[in-house]
Amino acid sequence: MPHVNIKHFPAPLTEEQASELVAAITEAVTRAFGCDEGVVSIALEPVPQQAWQEQVYAPEILRRGELLRKTPTY
């Protein structure tokens with residue numbers, strides 16, 4: 001607890017960029033939840049652009065809109 005899964009279009013992140021992203025998210029999550037960083041898990045999940053509507057937008061943004069804390073503008 002907690003687990004963060006970031007779905008995104010495939011992007012050529014370097015290992016350094018991915019590490020910086022994970023560190024920033026870990027810091028924000030531990031601060032918000034008051035938990036130790038050892039209990040935080042983070043996944044980076046590339047989703048092909050052509051599959052976004054079916055795999056992410058419809059099931060997670062449209063159908064679970066009540067859970068969104070920030071909505072996209074597209």
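Described below are features of the structure shown in this document. (Residues numbered from 1 in each chain as written. Predicted model: local features only at pLDDT ≥ 70, side-chain atom pairs only at ≥ 80, totals over all residues. Heavy atoms only, no water.)

### Quick word on the pattern of salt bridges
With the rule as written, the count across this model stands at two salt bridges. In this structure, the salt-bridge partner of R31 is E27, at a minimum N-O distance of 3.1 Å. Remark: E27 and R31 occur in helix 1 (residues 15–33); sequence separation between them is four residues, near one turn of the helix. Since its relative accessible area comes to 59%, R31 is described here as exposed. (Salt bridge = Lys/Arg side-chain N within 4 Å of Asp/Glu carboxyl O. Helix = DSSP H or I, 4+ residues; strand = E, 2+ residues; numbered from the N terminus. Buried < 20%, exposed > 50% of the residue type's maximum accessible area, 1.4 Å probe, protein only.)

### Re a nonpolar patch on the surface
The grouping of L13, L21 and L44 at the surface amounts to a nonpolar patch, some 210 Å² of accessible area in total. You can see L13 is positioned in the loop between strand 1 (3–8) and helix 1. Among the residues examined, L13 registers a relative accessible area of 41% and is labelled partly exposed. (Patch = residues over 30% accessible without salt bridge, like charges linked within 9 Å, V, L, I, M, F, W, Y side chains within 5 Å. Areas by Shrake-Rupley, 256 points an atom, 1.4 Å probe, with all protein chains shown as cover.)

### Focus: the pairing of strand 2 (residues 41–46)
Sheet topology note: the strand 1/strand 2 ladder contains six bridges and is parallel. Note that in strand 2 the partner of K7 across the bridge is E45. For the segment spanning strand 1, helix 1 and strand 2, crossover handedness is right-handed. (Pairing = 2+ DSSP bridges. Right-handed = clockwise from strand over helix to strand, strands pointing away.)

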